[in-house]
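For reference, the chains in residue letters:
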Amino acid sequence: MNIILLGPPGAGKGTQATRLVKERNMVQLSTGDMLRAEKNAGTPLGDRIKAVMDAGELVSDEIVTQLIDDRLAGLAPEQGVIFDGYPRTLAQAQSLDALLDARDRTLDYVVELEVDEEALVKRITGRFECVACGALYNDNYKQPIKADTCDVCGSHEFKRRADDNEEAVRTRMAEYRAKTAPILPHYEAKGIVRRVDGMASVETVSKGIDAVLDG
Ligand code: AMP
């Protein structure tokens, strides 16, 4: 099964993708994670995209499509994939169609997480994660049980994303509205869009997505 998780920044795509990887043995292809890895490694590509990412703008279609193509090339044909944060423009959606066709893969569902933008700003500007194990926390919703200690692995080191500040978040929202939301009709024409209320609890969102995938 191949699916796209679609929704503005902070809608819960990453949380759900991580869960689906564990529960369904799928692979998460997150262009945001791939780009952050390039940025943090200080590769030539990373240096080129740093300013664009930190401002909350979109990296070029060619770069992200190349990253996705490289990852798909390394996967067994039967390996299910979750596209997380890709595609984000109509051009990327069209490139993905071609990439999937070339590998005899079918896109089963585009799951759109519907959310309230103002609530998202609060969600995103509060989020942080454990450096050691990646467990996700939030100043406003989910503090570690013991202050400054990861519930999962006990590490004391946490980090925040460079683009999780209010100004960059507003830009990312605007980019989503202007460039990403317009790809929905492309998938609606194929009859594969399913909507899930992303403002519900993680548990309820999980159930909603599971109902789609098992439906
Ligand atoms: P994310 O982790 O998905 O929120 O992505 C973080 C940032 O990486 C975005 O704000 C963009 O700057 C960049 N990015 C991630 N995925 C894409 C994509 N598919 N197309 C263009 N830029 C992307």
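Residues numbered from 1 in each chain as written. Predicted model: local features only at pLDDT ≥ 70, side-chain atom pairs only at ≥ 80, totals over all residues. Heavy atoms only, no water.

Teacher, can you tell me more about the overall build of the protein here?
Each helix and strand counted, the protein has 9 helices and 8 strands in total. Taken over the C-alpha trace, the protein has a radius of gyration of 17 Å; the compact-globule value for 215 residues is 17 Å, and the two agree within 12%. Each principal axis of the C-alpha distribution contributes one length, and for the protein these read about 50 × 40 × 35 Å. Each of the 215 residues in the protein was classed as buried or not, and the buried ones make up 45%. When the accessible surface of the protein is totalled, it reaches about 10,800 Å², and 50% of it is carbon and sulfur. Looking at charge distribution, the protein has the averaged site of its 28 positive side-chain charges lying 3 Å from that of its 36 negative ones. (Helix = DSSP H or I, 4+ residues; strand = E, 2+ residues; numbered from the N terminus. Rg over C-alpha atoms; globule rule 2.2 N^0.38 Å. Buried < 20%, exposed > 50% of the residue type's maximum accessible area, 1.4 Å probe, protein only. Areas by Shrake-Rupley, 256 points an atom, 1.4 Å probe, with all protein chains shown as cover. Lys, Arg positive; Asp, Glu negative; His and termini not counted. Charge placed at Lys NZ, Arg CZ, Asp CG, Glu CD.)

For this particular structure, what's the right way to read the sheet that holds strand β3 (residues 81-84)?
One key point about sheets: their strands pair by backbone hydrogen bonds, in either a parallel or an antiparallel sense. With parallel pairing, the 5 strands of this open sheet are ordered in space as β2-β3-β1-β4-β8. In the strand order of this sheet, the two ends are held by β2 (27-30) and β8 (193-197), each with one partner. Adjacent strand axes in the sheet meet at a mean angle of 25° when their direction is disregarded. Taken together, the 4 bridges between strand β1 (residues 2-6) and strand β4 (residues 109-114) define a ladder with parallel strand orientation. Its bridge partner being in β4, isoleucine 4 is matched across the sheet by valine 110. (Pairing = 2+ DSSP bridges. Axes fitted to C-alpha atoms, helices over the stretch in contact; angles between N-to-C directions.)

Help me understand the pattern of salt bridges, please; the structure alone is not making it clear to me.
Close approach of charged atoms allows side chains of opposite charge to pair. The tally for this structure, following the rule as stated, stands at 22 salt bridges. The shortest N-O distance in the salt bridge between arginine 24 and aspartate 210 comes to 3.2 Å. Of this pair, arginine 24 sits in helix α1 (residues 13-24) while aspartate 210 sits in helix α9 (residues 202-214), placing them 186 residues apart in sequence. Among the ionic pairs, lysine 50 bridges to aspartate 54, the shortest N-O distance being 2.8 Å. (Salt bridge = Lys/Arg side-chain N within 4 Å of Asp/Glu carboxyl O.)

Quick question: what am I supposed to make of the site of the ligand here?
In the vicinity of the ligand there are 16 residues, among which Thr31, Arg36, Glu57, Gly85 and Gln92 approach most closely. In the environment of the ligand, a nitrogen atom lies 2.9 Å from a nitrogen or oxygen atom belonging to the backbone of glycine 85. When the free accessible area of the ligand is taken as 480 Å², the share hidden by the protein chains comes to 97%. For the shell around the ligand, the element with the most residues is helix α2 (residues 31-41), which contributes 4 residues. Within the shell around the ligand, the residues separate by chemical class into 6 nonpolar, 4 polar and 6 charged. (Near = heavy atom within 4 Å. Polar contact = N/O pair within 3.5 Å; in protein donor to acceptor, adjacent residues only side chain to side chain. Nonpolar A, V, L, I, M, F, W, Y, C, P; charged D, E, K, R; others polar.)

How do you make sense of the packing of aromatic side chains when you look at a structure like this?
Remark: the centre distance and the inter-plane angle together describe each pair of aromatic rings, the angle taken between the planes. Going through the model one piece at a time under the given rule, you end up with 3 aromatic pairs. Taking 5.5 Å as the distance between ring centres and 85° as the angle between the ring planes, the aromatic pair formed by phenylalanine 128 and phenylalanine 158 counts as edge-to-face. One end of the pair, phenylalanine 128, is in strand β5 (residues 127-130); the other, phenylalanine 158, is in strand β7 (residues 158-159), with 30 residues separating them in the sequence. Overall, the relative accessible area of 10% leaves phenylalanine 128 in the buried class. For phenylalanine 158, a relative accessible area of 23% gives the class partly exposed. Pairing tyrosine 137 with phenylalanine 158 gives two aromatic rings, centres 5.8 Å apart and planes at 85°, and the pair type is edge-to-face. With a gap of 21 residues between them, tyrosine 137 in strand β6 (residues 136-138) and phenylalanine 158 in strand β7 connect regions that are remote in the sequence. (Phe/Tyr/Trp six-rings, centres within 6.5 Å; stacked < 30°, edge-to-face > 60°.)

Just to check I follow, could you spell out the environment of arginine 105 for this structure?
Mapped onto the secondary structure, arginine 105 falls in the loop between α5 (90-102) and β4. For arginine 105, a relative accessible area of 7% gives the class buried. The spatial distance from the C-alpha of arginine 105 to the C-alpha of glutamate 78 is 8.6 Å, given a sequence separation of 27 residues. Residues contacting arginine 105, with those up to four places away along its chain left out, are Asn2, Leu72, Leu75, Ala76, Pro77, Gln79, Val81 and Leu100. Only 2.8 Å separates the side chain of arginine 105 from the side chain of asparagine 2, close enough to count as a polar contact. (Contact = heavy atoms within 4.5 Å.)

When you look at the packing of helix α6 (residues 117-125) against helix α7 (residues 166-180) in this model, what are you seeing that I'm missing?
In a packed pair of helices, the relevant descriptors are the angle between the two axes and the axis-to-axis distance. Orientation of α6 relative to α7, taken along the N-to-C sense of each, is 135°, at an axis distance of 10 Å. If you check the angle between α6 and α7, you find them oblique. Regarding α6 and α7, the two cross each other, and that crossing is right-handed. Here Glu117, Glu118, Leu120, Val121, Ile124 and Thr125 of α6 lie close against α7, whose contacting residues are Glu166, Val169, Arg170, Arg172, Met173 and Arg177. Of the residues that constitute the contact of α6 with α7, the class distribution is 5 nonpolar, 1 polar and 6 charged. (Parallel < 35°, antiparallel > 145°, perpendicular 65-115°, else oblique. Left-handed = near helix turned anticlockwise from the far one by under 90°.)

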